[in-house]
Structures are given as structure tokens and as C-alpha cells.
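# Inside the fold
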Amino acid sequence: MSSPVLVCALRGIDAFPALGAALQRWTRGRDSLSTGDSLPQALMALTPEVTFRQAILFFTEADLVTGKARFFFSEHTKLTQIYFSPLVGESWRCRAESLFSYLQAGAQVLCTVLLIKPGVWSRRLPGILRNLHLQKFTVVGMKHLELGAAAASALLPRELLQDPAAVEAHCAYLTSGTALVLCLQRPNAVKKLMDLLGPEDPQLAQALDPCFWRAQYGTSTVQNGFYGSRSYPMAVRDVKLFFPEGLCCAQCQTVQEQEV
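These remarks concern the structure in this document. From a predicted model like this one, the values you see are computed outputs, not experimental measurements.

Before going further, it helps to spend a moment on the overall build of the chain. Per the secondary structure count, the chain includes 11 helices and 8 strands. Accessible surface, the chain as shown: approximately 13,900 Å² in total, 58% of it carbon and sulfur.

Take Trp121: it is sitting in helix α4 (residues 121-134). Residue Trp121 is classed as buried on the basis of its relative accessible area, which comes to 19%. A sequence separation of 59 residues divides Trp121 from Leu180, and the C-alpha atoms of the two residues are 6.6 Å apart. Excluding its chain neighbours within four sequence positions, the residues that come into contact with Trp121 are Ile116, His144, Thr178, Ala179 and Leu180.

General note: in soluble globular proteins, nonpolar side chains tend to be found buried as a group. By size, the foremost hydrophobic cluster in this structure holds 25 residues, and its most contacted members are Leu114, Ile116, Ile128, Leu132, Trp213 and Phe226. Looking at this core, the elements with two or more residues in it are β5 (109-116), α4, β7 (179-187), α7 (189-197), α9 (213-217) and α10 (232-242). No other element matches α7, which puts 5 residues into this core. Ranked by size, the runner-up nonpolar core spans 23 residues in total, among them Val113, Ala151, Val167 and Cys183.

Before going further, it helps to examine the pairing of β7. Counting buried residues in β7 gives 8 out of 9 residues, a clear majority hidden from the surface. With 8 bridges connecting them, β5 and β7 associate as antiparallel partners. Of the residues in β7, the one forming a bridge with Cys111 is Gln185. Across 7 bridges, strand β6 (residues 138-145) lies against β7 in antiparallel orientation. Note that in β7 the partner of Leu145 across the bridge is Ala179.

For any two aromatic rings, the description comes down to two numbers: the centre-to-centre distance and the angle of the planes. Across all of its chains, the model carries 2 aromatic pairs by this definition. Where Trp213 meets Phe226, the ring centres are 5.7 Å apart and the plane angle is 50°; that geometry is what we call tilted. With Trp213 in helix α9 and Phe226 in strand β8 (residues 226-228), the pair connects residues that are 13 residues apart, well separated along the chain. By relative accessible area, which is 1% here, Phe226 ends up buried. Arranged with centres 5.5 Å apart and planes meeting at 75°, the rings of Tyr217 and Phe226 form a pair that is edge-to-face. Comparing Tyr217 with Phe226, the two get one shared label, buried. An aromatic cluster is built from Trp213, Tyr217 and Phe226, whose rings are joined through pairwise contacts. One cation-aromatic arrangement involves Arg186 over Phe137; the distance from NZ or CZ to the ring centre is 5.5 Å.

Analysis parameters
Residues numbered from 1 in each chain as written. Predicted model: local features only at pLDDT ≥ 70, side-chain atom pairs only at ≥ 80, totals over all residues. Heavy atoms only, no water. Helix = DSSP H or I, 4+ residues; strand = E, 2+ residues; numbered from the N terminus. Areas by Shrake-Rupley, 256 points an atom, 1.4 Å probe, with all protein chains shown as cover. Buried < 20%, exposed > 50% of the residue type's maximum accessible area, 1.4 Å probe, protein only. Contact = heavy atoms within 4.5 Å. Core = buried A, V, L, I, M, F, W, Y, C linked by side-chain atoms within 4.5 Å. Pairing = 2+ DSSP bridges. Phe/Tyr/Trp six-rings, centres within 6.5 Å; stacked < 30°, edge-to-face > 60°. Lys NZ or Arg CZ within 6 Å of the ring centre and 35° of its normal.

Right under this line is the structure:
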């Protein structure tokens, strides 16, 4: 007698490698518990093309909308297998949207914020702008400003806020001179910028990859050269914080939806 199969359609940043790594960890844990076939096995689509072909087998247009979890069971196998169909893309929607259309449309153009800290942009700006151009970023907003204490503390990681001495050191540096703030646009902008900047600690960045921007321009965890929006919701917040007057291009549709 066949057992049911759970079919999930998932979406997320770097969905394929992230889900693949999670399944590897899950498989190792499962194998350590049992060597038989009593525990579930898992399969996933490996490319967007395969994802699309498999998705249309299990789901209808009405099924695949954001904000809804759908679970489907089938009896086509003797093993309990989980078919995961990760859906690529970085942004999420406030309204219902067909994920079939989203898959066919490809990656969306998003905005993110890069803040070049005091003492860095005045000496290194031409090289930084050239690197941004090579990475296919478009500058859609730019201003230099002196940060206040409130704006400086808003840029700090949440875990750092538990250390008053670290907060004081970071805020003192960020408010010590003029910073340059750029709003950047390209597909997958938030993650791409984070991949370029590297870890907050320049020494760790240097050990991992000397090409990381913080490895090249940073000298300490405080004077590490750059701040970048760490997630898409934070990018939306940063755009509103630093560019309330708007950008020099038509805003990203996802940013407009966040404002609704």
C-alpha cells in the first residue's frame, strides 16, 4: 500500500543552495537515527527550469500565491518522499501574486543602501564607484551627510546594541565626519552587496577573501569602511531614512508596495 507524499513549493533568497544544505543536514541526522526506510526521504528540484515543470504538475495558478501555505499528498510511491520546489527570487509581495508569473519574470530589480563611512569615501570614491559599475549596480540616489546619534545607532546590528561600550565607539566614529550614502539598484541587490562587503570584521574578511571590500578598506570592526542594508526590509527602511525626498529614477515596484 502506497504512503502519501508531501509536496511543498518554497521561495527564498538563494533558495537552491540554502535548501540543498538544509536537506544534507537533515539527511545526516535522519541516517544517524535509523538505517532503514521508516523515516521520510526528501527530493528537491535542482534548477529553476525543473522547478517550473514540476510546479505545474502539482499546483494550479490559484494555488501558488504568496502568503498561503499549500500541502498536497499523493500516493505514487511506496516511500514517503518530500518534493521541494524552491522558488527563486529575493523580494516578497504584500498582495497575492501568481508565483508562476514570478518564476517566468525572473529576478526583480531591487534597491539597497550602501553607506561609505567617514574617512573612506573622500579618498576611495572613484575606485568604489568603478567597482559598483563592474558589479552592474546603478546609482539611483547619492548624498553626503553628517549622521546624528539616532541615525548612527539605527545602523548597528541588533546584537551589538547589548554592548554600551561598542555602541558608543561605533556612534562616535559614524558621527565624526561626513558619510556618503548611495542607493543602489540591480537584480538581487541586497544579497549581492552583502556578498561584496564581506564580514563586519576586516581581519576575518581578509582571512576569508582579500577581495571583500571590508578587507580592502577596513581597519577594525568599528572602522570597517561600509554599512550595507542586511535584508530587504532593512533596505526599504534605509531608503526611507536616507532618501525621503525620493530617488532619481522610478522607484522599485516592491518599495512602492511596502509603502502602501
